[in-house]
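# Report on the structure
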Amino acid sequence: MNAERKAVEEQCIVCQSEKSVGIHLYTSFICTECEREMVQTETNDPVYKLFVQRLKKVNTPQIYS
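Residues numbered from 1 in each chain as written. Predicted model: local features only at pLDDT ≥ 70, side-chain atom pairs only at ≥ 80, totals over all residues. Heavy atoms only, no water.

An unreviewed UniProt entry annotates the protein chain as Sigma factor G inhibitor Gin of Rossellomorea aquimaris.

### Comments concerning the pattern of salt bridges
Side chains carrying opposite charge are able to pair once their charged atoms draw close together. Considering all chains together, one arrives at one salt bridge under this definition. When the shortest N-O distance is used, the salt bridge between lysine 19 and glutamate 33 registers 3.4 Å. Taken as a pair, lysine 19 in strand β2 (residues 18-19) and glutamate 33 in helix α1 (residues 32-40) lie far apart in primary sequence, 14 residues in all. (Salt bridge = Lys/Arg side-chain N within 4 Å of Asp/Glu carboxyl O. Helix = DSSP H or I, 4+ residues; strand = E, 2+ residues; numbered from the N terminus.)

### Topic: unusual backbone geometry
The phi torsion at glutamine 16 lies on the positive side, around 60°, for a residue other than glycine. Locating glutamine 16 in the fold gives a position in the loop between β1 (10-11) and β2. At tyrosine 26, a residue that is not glycine, the phi angle is positive and equals roughly 55°. With relative accessibility at 75%, the residue tyrosine 26 sits in the exposed group. (Buried < 20%, exposed > 50% of the residue type's maximum accessible area, 1.4 Å probe, protein only.)

### Some details on the side chain of serine 28
Considering the arrangement of structural elements, one finds serine 28 in strand β4 (residues 28-31). The buried category is assigned to serine 28, whose relative accessible area is 7%. Apart from residues lying up to four places away in sequence, serine 28 is in contact with Ile13, Ile23, Lys57 and Val58. (Contact = heavy atoms within 4.5 Å.)

### Things to note about a nonpolar patch on the surface
Residues Ile23, Leu25 and Tyr26 make up a contiguous nonpolar surface patch of about 320 Å² in total accessible area. Note on placement: tyrosine 26 falls in the loop between β3 (22-25) and β4. (Patch = residues over 30% accessible without salt bridge, like charges linked within 9 Å, V, L, I, M, F, W, Y side chains within 5 Å. Areas by Shrake-Rupley, 256 points an atom, 1.4 Å probe, with all protein chains shown as cover.)

Structure representation (structure tokens):
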């Protein structure tokens, strides 16, 4: 049985693009490209502040009603 699996795309919390490969942090998804860029970015780089701002969404608890 050779069933073809379709990749599920999720929205990256950093770049807000729909991607199928990445990591999950609690209920948030970070694509592989953003993860790689975050790891390589120096703290004095202006892009670093953007990453910190976007990653603050991870701490926001999801409330379902």
